[in-house]
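Residue-level listing of the chains:
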Amino acid sequence: MPTLSGKSALVTGGSRGIGAAIAKRLAKDGADVAVTYSSSPERAQQVADQIVKDGGKALAIKADAADQAAVRAAVEQASKAFGKIDILVNNAGVLALGPIANYPVEDFERALSVNVRSVFTAIQESLRHMPDGGRIITIGSVNSERMPFVGGSVYALTKGAVASFTKGLARDLGERKITVNNIQPGPVDTEANPASGPFAETMLGLLAMKRYGRGDEIAALTAYLAGPEAGYITGASLLIDGGFAA
Ligand SMILES: NC(=O)c1ccc[n+]([C@@H]2O[C@H](COP(=O)([O-])OP(=O)(O)OC[C@H]3O[C@@H](n4cnc5c(N)ncnc54)[C@H](OP(=O)(O)O)[C@@H]3O)[C@@H](O)[C@H]2O)c1
């Protein structure tokens with residue numbers, strides 16, 4: 001019996017990159033999976049179609065994480081389709097870089113709304129549909145612990161916010177046996193941070209493992225935290241960073 005058989009999951013930002021890898025892995029482990037996207041309907045549908053082709057149940061939902069009403073509606077739609085949400089993965093995020101001296105306040109507010117407020121909203125709404133024993137997992141970043149280059153202060157702020165939010169939520173939800181954890185990846189090869197990009201050489205110099213991570217490696221840790229063996233892990237921020245913070 002697959003470990004997540006009978007479970008339902010919602011993965012925000014599941015059309016590509018880390019979120020798509022997580023959606024596919026949770027489905028492989030037996031969960032029904034809904035993914036949200038903001039601008040890639042075809043790619044989100046491809047992820048859902050692949051899951052269905054492999055024998056699973058899946059759904060792609062348009063929901064800009066910056067739009068609270070859309071996030072709420074996406075949670076509602078997923079829980080209606082599957083009957084409940086056992087696993088929420090807050091993955092949608094933007095890498096908003098720029099030096100602080102002239103960082104536009106509009107970009108600051110967008111980074112906060114996508115990387116932080118949408119996490120709050122998705123959790124609050126999902127809790128209405130989450131049975132006791134559920135799992136909340138957020139994709140933070142190693143940059144909440146180490147920001148070794150110029151221009152990452154706002155991004156680090158947003159990822160630090162979700163790390164400390166995780167601790168408080170673990171206390172709030174412990175009685176319901178809902179675990180809340182924050183995965184902090186180092187550089188992972190995606191369109192947001194390509195292993196072949198202009199920044200790659202700098203990144204490699206900062207890594208003990210001298211390579212970028214892969215989405216499926218982040219997905220494996222997510223699946224473990226979502227699964228039955230991880231019921232005693234809560235309030236944790238777990239690094240999976242190739243030694244970036246070492
Ligand atoms: N890659 C890394 O090195 C790395 C390292 C540490 C942490 N992270 C974190 O991991 C998460 C995923 O990053 P990634 O590298 O996989 O990024 P990515 O390749 O750019 O993919 C981002 C995903 O999030 C979705 N998304 C972006 N903005 C959204 C919005 N406003 N509303 C709804 N969905 C939105 C995108 O959907 P569309 O296709 O519709 O745009 C896409 O599915 C982020 O939270 C990021 O901060 C990444």
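Residues numbered from 1 in each chain as written. Predicted model: local features only at pLDDT ≥ 70, side-chain atom pairs only at ≥ 80, totals over all residues. Heavy atoms only, no water.

**Points about the pairing of strand S6 (residues 179-185)**
Move 1: By the criterion of burial, S6 is predominantly enclosed, with seven of the seven residues buried.
Move 2: Residues of S6 alternate between two faces, with Thr179, Asn181, Ile183 and Pro185 on one and Val180, Asn182 and Gln184 on the opposite face, all of them buried.
Move 3: Pairing between strand S5 (residues 135-139) and S6: five bridges, direction parallel. Each bridged residue has a counterpart across the sheet, and for Ile136 the counterpart in S6 is Val180.
Move 4: Relative to strand S7 (residues 237-240), S6 runs parallel, the two sharing four bridges. Counterpart to Asn182 in the pairing with S7 is Ser237. (Buried < 20%, exposed > 50% of the residue type's maximum accessible area, 1.4 Å probe, protein only. Helix = DSSP H or I, 4+ residues; strand = E, 2+ residues; numbered from the N terminus. Pairing = 2+ DSSP bridges.)

**Quick word on helix H1 (residues 17-28)**
Move 1: Between its first and last C-alpha atoms H1 spans 17 Å; for twelve residues at 1.5 Å apiece the expected length is 16 Å, and the two agree.
Move 2: Taken together, the buried positions of H1 are occupied by Ile18, Gly19, Ala20, Ala21, Ile22, Ala23, Leu26 and Ala27.
Move 3: Considering only its buried residues, H1 is in contact with strand S1 (8-11), strand S2 (32-37), helix H2 (41-53), strand S4 (87-90), S5 and helix H7 (215-226). (Expected span 1.5 Å × (residues − 1). Contact = heavy atoms within 4.5 Å.)

**A look at the environment of Ala31**
Move 1: With respect to the helices, strands and loops of the structure, Ala31 is situated in the loop between H1 and S2.
Move 2: Considered as a pair, Ala31 and Ser5 are 26 residues apart in the sequence and their alpha carbons are 5.5 Å apart.
Move 3: Among residues more than four places away in sequence, those in contact with Ala31 are Leu4, Lys7, Leu26 and Lys57.

**Describing the site of the ligand**
Move 1: Around the ligand sit 31 residues in total, of which Arg16, Ser39, Ser40, Tyr155 and Thr190 are the nearest.
Move 2: With respect to the ligand, the side chain of Arg16 contributes an N or O atom lying 2.7 Å from an oxygen atom.
Move 3: Interatomic distance of 2.8 Å between a backbone N/O atom of Ile18 and an oxygen atom of the ligand.
Move 4: If the ligand stood free it would expose 890 Å²; the protein chains cover 94% of that surface.
Move 5: Those elements that provide at least two residues to the shell around the ligand are H1, helix H4 (105-126) and helix H5 (153-173). (Near = heavy atom within 4 Å. Polar contact = N/O pair within 3.5 Å; in protein donor to acceptor, adjacent residues only side chain to side chain. Areas by Shrake-Rupley, 256 points an atom, 1.4 Å probe, with all protein chains shown as cover.)

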